[in-house]
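So you can see what is in the structure, the chains are spelled out below.
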Amino acid sequence: MPRPNYNGFKRTLHPLLCRFLSAKKNPPPSFHPPRGTHDTFHATNRKRRHLERLLQTTIEKHGVSEIKTPTFDHRSLFDRALGATTDVVSKEMYSLDHTDPPLVLRPEGTASVARALLHQGTATQPHLWPCKVWYSGSFYRRERPQKGRYRQFDQFGVELVGCGTWMDDVECIMMGHDVLQRLGLAPYVELRLNSLGDQESRTRYKETLTEWLRPYMDELSDTSQTRIRNGDVLRVLDSKRPEDRQVMARDDRPLMSHSWNAASKDHFEKVVGMLREVGVMVDGGEEVEGEGEGGKGLLASNPMTMVHDEALVRGLDYYCHTAFEFVVKESGGKQNKKNKKKKKSVLGRQQGTVLAGGRYDQLYSVLSGGKHDVPAVGWALGMDRIALMLEELEEDTAESLWPLAPVKIAVLPVGDKGAMVCGGGGGGSGGVPAAVLSTALRIGHGLRNCGEGDDWDVLTNNDVGRLKQQMKFANREACEVVVLVGEDELDQGGCVSVKNMATSEQVQVEVGQVVEVVRKMVSRSGGRARW
Ligand code: AMP
């Protein structure tokens, strides 16, 4: 009996099977960005760039200069600086594989700035103080992603290094207020302020609070119980867990301010006094006793309210004395014009902190093994949260921070004779004569370099098509003016057409006059959109 011939079957099945098996073993990548991260595109990026530039120019007016540090740094730096038991260090850092010494993606900026200034020597030479720097970039924490909380996020930060007076705290806070005011967000945030006191006061308060919490240990969350056992009792104060909040809300909870020694009390009162002096008003919370009168002076037109928040401790080990946060006010965004209801902010309570910082006098000493004692104070602003707030504000009030969008002008070669065959003759792209293409290139170059700078974006479409296709492109890109370069017009006296897309007005002009005609058309066109 003849053997069946399976060759044809094998030939077709075998490659399919191989492909199936290899796809199972080595699946194609997902197109989703990794959890807690985002891809961002043109309009968003343009806004971000503008936002960053505003922050930079505002801060540089205070004589602060830029510092850049690597996006990854030594794990031991953050272990030491932030404290091994903090959430950031114990569970949120991304380690890089197989690195010796171990490296992590930076979770925050202050520790890296301190390392850089110690390495460079500025921080170690008091005659070079004060050293005031700003930084901007991406940071990484493995947190549970939600609105305003991401695994890769952008911060803009300021560090005033070698700055040990209470007045430096005031300056630092005022810089924070300055940038928020520049962004038009000052009326929607309030300053929450506390003092962790000096080492002596803090140790005393930790003992008092631990003692007070002893009878309630079983009622606290497991995380808080562990923190207390690890000597990190202050973190229980800002725990968001309902069971912890219930205990901490008891009337007899000891207050941090009752543990301040005279120096700590004096430092805090001076900061508050000066803030009041320049017009920051005390609001709600536990009233702060300070000098001076509120509501006048520097901030008269942009009042800022301040709350003494005895529970504000900040998450990291290195803070002492002044700690502060700018937080979105409870009522969130402005009144909604249409339904007159107060809109809730897009940022929930937990993500409501847009800028936060404080004094950290021990950090440099901790990092240098006690060799360098460098007082410092600083803050970091969350760019993603600021961007969300700005979006909300724009929706509610139509107030916009963004400048007018550039005018879009298209310079489009047109295949008048419909010779749009791929690889066709004539020496051009798709059959369009080279003279048409080179004229379009020259006009585009002329428009881009005619001195209108940032105001004009000059687009082109090289997939040269018939007139209809090119106009479709111009419409899709929302171009305001279109320059059509066609073979016939060029042949008959070196002309091209310039069209105002809003009015459909179209004129034929010589190539040398295009820039002038476009300029006139643009100046006549109506209001431009914002980004
Ligand atoms: P921190 O370094 O934790 O003091 O944070 C400073 C500021 O950065 C906060 O007030 C937030 O505005 C922002 N921020 C911190 N963590 C995140 C995150 N995971 N996602 C987005 N923004 C963040």
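All values reported here derive from a predicted model rather than from experimental measurement. (Residues numbered from 1 in each chain as written. Predicted model: local features only at pLDDT ≥ 70, side-chain atom pairs only at ≥ 80, totals over all residues. Heavy atoms only, no water.)

## Examining the overall build of the protein
Okay, so step 1: Secondary structure summary: the protein contains 17 helices and 16 strands in total.
Okay, so step 2: Here the protein, with 531 residues, has 48% of them falling under the buried criterion.
Okay, so step 3: Counting contacts in the protein only where the partners sit at least 6 residues apart, residues at least 24 apart contribute 70% of the total.
Okay, so step 4: Carbon together with sulfur atoms contributes 51% to the accessible area of the protein, which is approximately 27600 Å² in total. (Helix = DSSP H or I, 4+ residues; strand = E, 2+ residues; numbered from the N terminus. Buried < 20%, exposed > 50% of the residue type's maximum accessible area, 1.4 Å probe, protein only. Contact = heavy atoms within 4.5 Å. Areas by Shrake-Rupley, 256 points an atom, 1.4 Å probe, with all protein chains shown as cover.)

## As for the pattern of salt bridges
Okay, so step 1: This model, assessed by the stated rule, comprises 24 salt bridges.
Okay, so step 2: Where Asp-457 meets Arg-46, a salt bridge forms, and the shortest distance between an N and an O atom there is 3.5 Å. Taken together, the residues Asp-457 in strand 13 (residues 456–460) and Arg-46 in helix 2 (residues 42–60) connect sequence positions 411 residues apart.
Okay, so step 3: Glu-211 is the partner of Arg-214 in a salt bridge, and the nearest nitrogen-oxygen pair spans 3.0 Å. (Salt bridge = Lys/Arg side-chain N within 4 Å of Asp/Glu carboxyl O.)

## A few points about the sheet that holds strand 14 (residues 481–486)
Okay, so step 1: With mixed pairing, five strands are arranged side by side in an open sheet as 13-12-14-15-16. On the outer flanks of this sheet lie strand 13 and strand 16 (506–510), each paired with one strand and no other. This sheet shows a mean twist of 25 degrees between the axes of neighbouring strands, independent of strand direction.
Okay, so step 2: Sheet topology places strand 14 next to strand 15 (residues 495–500); four bridges connect them, and they run antiparallel. (Pairing = 2+ DSSP bridges. Axes fitted to C-alpha atoms, helices over the stretch in contact; angles between N-to-C directions.)

## Comments concerning the pairing of strand 4 (residues 131–140)
Okay, so step 1: Where burial is concerned, most of strand 4 is hidden: nine out of the ten residues are buried.
Okay, so step 2: Across two bridges, the pairing between strand 1 (residues 65–66) and strand 4 is parallel. Across the sheet, residue Glu-66 finds its bridge partner in strand 4, namely Trp-134.
Okay, so step 3: Pairing analysis gives ten bridges linking strand 4 to strand 5 (residues 152–161), with the strands arranged antiparallel. Opposite Val-133, over in strand 5, you have Glu-159 as the bridge partner.

## Overview of the environment of Thr-305
Okay, so step 1: Here Thr-305 lies in strand 8 (residues 304–308).
Okay, so step 2: Exposure remark for Thr-305: the relative accessible area of 14% places this residue in the buried category.
Okay, so step 3: For Thr-305 and Arg-276, which are 29 residues apart along the polypeptide, the C-alpha to C-alpha distance reads 9.5 Å.

## A short note on the site of the ligand
Okay, so step 1: Looking at the ligand, there are 14 residues lining it, with Arg-141, Glu-143, Tyr-150, Gln-155 and Arg-314 nearest.
Okay, so step 2: At 2.9 Å, a side-chain N or O of Arg-141 approaches an oxygen atom of the ligand.
Okay, so step 3: Summarising the interface, the protein chains cover 91% of the accessible area of the ligand, which totals 480 Å² for the free molecule. (Near = heavy atom within 4 Å. Polar contact = N/O pair within 3.5 Å; in protein donor to acceptor, adjacent residues only side chain to side chain.)

## With respect to the packing of aromatic side chains
Okay, so step 1: Per the stated rule, a full pass over the model turns up seven aromatic pairs.
Okay, so step 2: Considering the side-chain rings of Phe-139 and Phe-153, the 6.4 Å spacing of their centres and the 35 degrees angle between planes classify their relative orientation as tilted. Note that Phe-139 is positioned in strand 4 and Phe-153 in strand 5, a separation of 14 residues in sequence. A single burial state applies to Phe-139 and to Phe-153, both of which are buried.
Okay, so step 3: On the numbers, 6.4 Å between centres and 35 degrees between planes, the contact of Phe-156 with Trp-379 is tilted. Here Phe-156, found in strand 5, pairs with Trp-379, found in strand 11 (residues 376–382); they are 223 residues apart in sequence, far enough to count as distant. Assigned by exposure class, Phe-156 and Trp-379 land together as buried.
Okay, so step 4: Chaining the aromatic ring pairs together yields one cluster made of Trp-134, Phe-156 and Trp-379.
Okay, so step 5: Taking NZ or CZ as reference, Arg-106 lies 4.3 Å from the ring centre of Phe-139, over its face.
Okay, so step 6: In this structure, Arg-142 packs its charged tip against the face of Tyr-94, placed 4.5 Å from the ring centre. (Phe/Tyr/Trp six-rings, centres within 6.5 Å; stacked < 30°, edge-to-face > 60°. Lys NZ or Arg CZ within 6 Å of the ring centre and 35° of its normal.)

## Side note on helix 17 (residues 514–524)
Okay, so step 1: Among the residues making up helix 17, those that are buried are Val-514, Val-517, Val-518, Met-521 and Val-522. Taken down its axis, helix 17 places every buried residue within 135 degrees of arc, on the same side. The exposed residues of helix 17 that point more than 90 degrees off its buried face are Ser-523 and Arg-524.
Okay, so step 2: In this fold, the buried residues of helix 17 make contact with strand 12 (407–414), helix 14 (434–448), strand 13, strand 14, strand 15 and strand 16. (Arc of directions from axis to C-beta.)

## With respect to the state of the cysteines
Okay, so step 1: Counting across every chain of the model gives zero disulfides.
Okay, so step 2: Here Cys-163 stays unpaired: no disulfide links it, and the sulfur of Cys-131, its closest cysteine neighbor, is 8.3 Å away.
Okay, so step 3: For Cys-163, a relative accessible area of 3% puts it in the buried group. (Disulfide = S-S within 2.5 Å.)

## Some words on the packing of helix 2 against helix 6 (residues 166–182)
Okay, so step 1: Following both chains from N to C, one finds helix 2 and helix 6 inclined at 140 degrees, their axes separated by 10 Å at the closest point. Taken together, the axis directions place helix 2 and helix 6 in an arrangement best described as oblique. The chirality of how helix 2 crosses helix 6 is right-handed. Together, Leu-54, Leu-55, Thr-58 and Ile-59 of helix 2 and Met-175, Asp-178, Val-179 and Arg-182 of helix 6 make up the contact between the two elements.
Okay, so step 2: Among the residues making up the contact of helix 2 with helix 6, the classes are represented as five nonpolar, one polar and two charged. (Parallel < 35°, antiparallel > 145°, perpendicular 65-115°, else oblique. Left-handed = near helix turned anticlockwise from the far one by under 90°. Nonpolar A, V, L, I, M, F, W, Y, C, P; charged D, E, K, R; others polar.)

## Comments concerning the nonpolar core
Okay, so step 1: Ranked by size, the top nonpolar core spans 98 residues in total, and within it Leu-180, Leu-213, Leu-275, Phe-326, Tyr-364, Trp-379 and Leu-381 carry the most contacts.
Okay, so step 2: Ranked by the residues each element gives to this core, the list is headed by helix 6, at seven residues.
Okay, so step 3: Residue contacts for Phe-326: discarding those within four places in its chain leaves Ile-173, Gly-176, His-177, Leu-180, Val-189, Glu-190, Leu-191, Met-304, Gly-352, Thr-353, Val-354 and Leu-355.
Okay, so step 4: Grouped together as the second largest cluster of nonpolar side chains are 24 residues, Val-407, Leu-447, Val-498 and Met-521 included. (Core = buried A, V, L, I, M, F, W, Y, C linked by side-chain atoms within 4.5 Å.)

## A word on helix 11 (residues 262–277)
Okay, so step 1: With 16 residues, helix 11 should reach 22 Å at 1.5 Å per residue; the first-to-last C-alpha distance of 22 Å fits that figure.
Okay, so step 2: Buried within helix 11 we find Ser-264, His-267, Phe-268, Val-271, Val-272, Gly-273, Leu-275 and Arg-276.
Okay, so step 3: Looking one or two residues beyond helix 11, the residue adopting positive phi is Gly-279, at roughly 110 degrees. (Expected span 1.5 Å × (residues − 1).)

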